[in-house]
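# Inside the fold
Residues per chain are reported as follows:
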Amino acid sequence: MIGGGGLLGLAMGRAGPAHQWIPPWDTAALLAAGWRIRNGQIPHTDYFSYHDLHGWITALGLWLTHDSVRALTIGALLVAGVSGVWGWIVASRRLSTFGTLLFVGMTMLVATGVVPEGTSHYARNTSYAMQYNRFGLALLNVLALQLMFRPLRPDGRIGGHLRAISAGILLALLLSAKINFFLGGMALLIGSGILFGRCFLSLPTTALAFFGTWGFAWIFLGLRLDHYLSDVQAISGFESALTSATRVMGMALHNVEWFLLLFVLFLIGWGGAGALSAGRRVSSREIRLFLAAFWAGCVGCLVVAANSQGEGPLVGGLNMGGRYVPLFAVAALMIGDGQRRLFLALDPQRQRVHLFRQLLSLGLTGYFVVRIFIFPDLSGILYALHWQHTKAPLQPAAARIPTSTLETMLLPKINDEVDTPREVLDHILFGDVTPFRFAILHTDGIRLLEKHVTADSRILALAESNLFPLALHLPPPRGGTYWFTFTRQAKKLVGKDRLSAMDRLLDDATLLMEPKFRDDFTLRLRRLYGTDIARLFEKVDESPLWTLYRRKSADRVTREELAPP
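Before going into details, it helps to say that this report is about the structure given with it.

Reading the values: the criteria
Residues numbered from 1 in each chain as written. Predicted model: local features only at pLDDT ≥ 70, side-chain atom pairs only at ≥ 80, totals over all residues. Heavy atoms only, no water. Helix = DSSP H or I, 4+ residues; strand = E, 2+ residues; numbered from the N terminus. Buried < 20%, exposed > 50% of the residue type's maximum accessible area, 1.4 Å probe, protein only. Contact = heavy atoms within 4.5 Å. Areas by Shrake-Rupley, 256 points an atom, 1.4 Å probe, with all protein chains shown as cover. Patch = residues over 30% accessible without salt bridge, like charges linked within 9 Å, V, L, I, M, F, W, Y side chains within 5 Å. Salt bridge = Lys/Arg side-chain N within 4 Å of Asp/Glu carboxyl O. 1 Å grid on protein atoms, 1.4 Å probe; cavity = no way out; pocket = protein on both sides within 12 Å on 5 of 7 lines; lining within 4 Å. Points joined across faces, edges and corners; volume = space filled by probe spheres on them. Phe/Tyr/Trp six-rings, centres within 6.5 Å; stacked < 30°, edge-to-face > 60°. Polar contact = N/O pair within 3.5 Å; in protein donor to acceptor, adjacent residues only side chain to side chain. Pairing = 2+ DSSP bridges. Core = buried A, V, L, I, M, F, W, Y, C linked by side-chain atoms within 4.5 Å. Axes fitted to C-alpha atoms, helices over the stretch in contact; angles between N-to-C directions. Parallel < 35°, antiparallel > 145°, perpendicular 65-115°, else oblique. Left-handed = near helix turned anticlockwise from the far one by under 90°.

## So, the overall build of the protein
Scanning the protein from terminus to terminus reveals 22 helices and six strands. Counting the 565 residues in the protein, one finds 58% classified as buried. Look at the contacts in the protein between residues 6 or more apart in sequence, and 75% of them connect residues 24 or more apart. For the protein, the exposed area adds up to about 23,300 Å²; of that, 64% sits on carbon and sulfur atoms.

So this is what it looks like as structure tokens:
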């Protein structure tokens, strides 16, 4: 499996990024964040952000690929490699050899999958949208197994400290990935302490590793924990408690079958261990094992629900979508492998009696892994590779953005989609931006910009994300954010002790691109910054899809003039 994963990784690296079958604003945001960091900007200090692990990984990918969109593939492979090795170290001390291979394989798959987490898992829905959630889930898998499943052999004092250090580093990375992943990790830590009592004793070491990791990030990367928490606080409360509770309830109801299957798996393994036929009571160790697995599944539901994603039918007003909860597969591995230990402890005669139940238990465990990981993720990767080799060469030139940095970004044309800018504008006037229309939109904007950019141009797009600086290989502007998505993103969102990044949205830009379609983001930005745009910029040119503004040089405002005393 490891060899197969390596070959799959090489294939992905050679083929480049998956084609973006869903609207690729999110993918553009990943690239925009990486490009900001690649140009020396610091998240939460130079621009507003609420998660940045993917930004650093994408920046590293851009550096390794000489600023190519292949950075998305390379970044996924880097996370897969790190989480795979980390997962092997953790799993090999807790699971059988086969269980370890399964765990490592599915952890690497969740990092490299090209079907967006939280959407309907059809293989053709390939995209790197929401890839940051996959990075967080891969790390959360490793932390869940480490905290919620006992090792085969006692760790000893040194091993206990290493386990605590590992947990602290993982929690720091999860916080950088997204706040809800960190909260899920803390819930796992608390659950482990209650069920097993060993984590609370190592909390000082875990805390030291957590803050040490952020201290390392501050010293070497300039990333400040207080600035990050300030940005997170700025978006807190943008959604009502009732809405959040409704979504969590819908997620739980939609995944009730997985909870029931976990219970069935526990019962099968319990019988296979000889508890029922021998008339003995279920041991406290078995009960704790089931509770730990059940708690991991609950944490997984909460984390995925907090991502505000998921598609599905409404039942009683509840969004019943988002069945992709990777911790269910981890929980199944915990129960299945734990009961396998009890089965092997039986004498050979009793093993023969309960062999069928043990095989049924292993089969159900395999169903969890195949249904949750291998089927959706592996099928998506294989479909993307097939599409790139067989269908991508047949796509028209208009389906690609004509720049050296974005030429490998595949934005397929669907059936008889129009390909002239004016016709495209009629379709996307209300925000209906398919991948092919996204290509037309940005190609039109690049052709407009090429007539006006200079080496020191700083391009800002009043759209969900800003891909133009990377497309033209120019430094991005500071301030603002790399992706507009929240209804409360507005001026003065960040702490009072420093300038808000959103207040600096226009400070560093020399060229301003405004799309001619009026979606929610464009209208909101115009309401917030329309007066400042009129004061600082003047219209210089336009194309069928964009209007270009240039900063009035006399009104240029520098960051030094706006810096707090």
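## Examining a nonpolar patch on the surface
A cluster of nonpolar residues, Phe216, Trp218, Ile219, Phe220 and Leu221, forms a patch on the protein surface that exposes about 610 Å² of accessible area. By the element assignment, Trp218 lies in helix α9 (residues 203–221).

## Regarding the layout of surface pockets
In this structure, the second largest pocket occupies an estimated 570 Å³ of space. Forming the boundary of the second largest pocket are 19 residues, of which Leu53, Trp56, Ile57, Leu173 and Leu221 lie nearest the centre. Among the elements of the structure, α3 (53–64), α4 (71–91), α7 (156–177) and α9 are those that each provide at least two residues to the lining of the second largest pocket.

## Here's the deal with the packing of aromatic side chains
Taken as a whole, this structure holds 16 aromatic pairs when the rule is applied. Arranged with centres 6.4 Å apart and planes meeting at 25°, the rings of Trp258 and Phe328 form a pair that is stacked. With Trp258 in helix α12 (residues 256–272) and Phe328 in helix α15 (residues 327–344), this pair connects stretches of sequence that are 70 residues apart. Like Trp258, the residue Phe328 is buried in the burial classification. Here the aromatic rings of Phe259 and Phe294 are separated by 5.1 Å at their centres, their planes lie at 50°, and the arrangement is tilted. Of the two residues, Phe259 sits in helix α12 while Phe294 sits in helix α14 (residues 284–306), which places them 35 residues apart along the sequence. Each residue in the set Trp258, Phe259, Phe263, Phe266, Phe290, Phe294, Phe328, Tyr367 and Phe368 is aromatic and connected to the rest through ring pairs, giving one cluster.

## With respect to the side chain of His51
By secondary structure assignment, the location of His51 is in the loop between α2 (25–38) and α3. Judged by its relative accessible area of 1%, His51 is buried. Within the structure, His51 has its side chain in polar contact with the side chain of Tyr482 (distance 3.2 Å). What His51 contacts, discounting residues up to four positions off in sequence, is Tyr132, Ser176, Ala177, Lys178, Tyr228 and Tyr482.

## Focus: unusual backbone geometry
Phi is positive for His66, which is not a glycine, with a value near 55°. Among the structural elements, His66 can be located in the loop between α3 and α4. A relative accessible area of 69% means that His66 is categorised as exposed.

## Notes on the pairing of strand β4 (residues 511–515)
Taken across its five residues, β4 has five buried, putting it largely inside the fold. What you see with β4 is no split at all: Leu511, Met513 and Pro515 on one side and Leu512 and Glu514 on the other are buried throughout. Looking at chain direction, strand β3 (residues 459–461) and β4 are connected through three bridges and run parallel. Bridge pairing in β4 places Ile459 opposite Leu511. Examined bridge by bridge, β4 and strand β6 (residues 546–551) share five bridges and lie antiparallel to one another. The partner of Leu512 across the bridge, within β6, is Tyr549.

## Section: the nonpolar core
By size, the foremost hydrophobic cluster in this structure holds 80 residues, and its most contacted members are Phe103, Leu145, Phe328 and Met334. Excluding residues that lie within four positions of it along the chain, Phe103 makes contacts with Gly87, Ala91, Leu95, Asn141, Val142, Leu145, Val330 and Leu333. One finds Ala33, Met130, Ala234 and Leu474 within the second-largest nonpolar core, a separate group that totals 63 residues.

## Some remarks on the environment of Glu417
Residue placement: Glu417 occurs in the loop between α17 (355–390) and α18 (421–428). In this structure, Glu417 is in contact with Pro412, Thr434, Phe436 and Arg437, ignoring residues within four places of it in sequence. Among the polar contacts listed, one links the side chain of Glu417 to the backbone nitrogen of Ile414, at a separation of 3.0 Å.

## Quick word on the packing of helix α5 (residues 97–112) against α17
When two helices pack together, you describe them by how their axes are tilted relative to each other and by the distance separating the axes. Two numbers describe how α5 lies on α17: the axes approach to 9 Å, and their chain directions differ by 45°. Judged by the inter-axis angle, α5 sits oblique to α17. Seen along the crossing, α5 lies across α17 with a hand that is left-handed. From α5, Leu102, Met106, Leu109, Val110 and Thr112 reach across to α17, where they touch Val369, Phe373, Ile374, Asp377, Leu378 and Ile381.

## With respect to the environment of Ala306
Tracing the backbone through its elements, the reader meets Ala306 in helix α14. In this structure, the C-alpha to C-alpha distance between Ala306 and Phe181, residues 125 residues apart in sequence, is 9.0 Å. Not counting chain neighbours up to four residues away, the residues in contact with Ala306 comprise Asn180 and Arg247.

## Quick notes on the sheet that holds β6
Spatially, β3-β4-β6-β5 is the arrangement adopted by the four strands of the open sheet, whose pairing is mixed. Sheet topology places β3 and β5 (537–542) at the edges, where each strand pairs with a single neighbour. Here the average twist between neighbouring strands, direction ignored, is 30°. Note that β5 and β6 share five bridges and pair antiparallel. Its bridge partner lying in β6, Lys539 is registered against Tyr549. Strand contacts of helix α19 (residues 435–449): β3, β4, β5 and β6, with the helix running at about 40° to β6, the strand carrying the most contacts.

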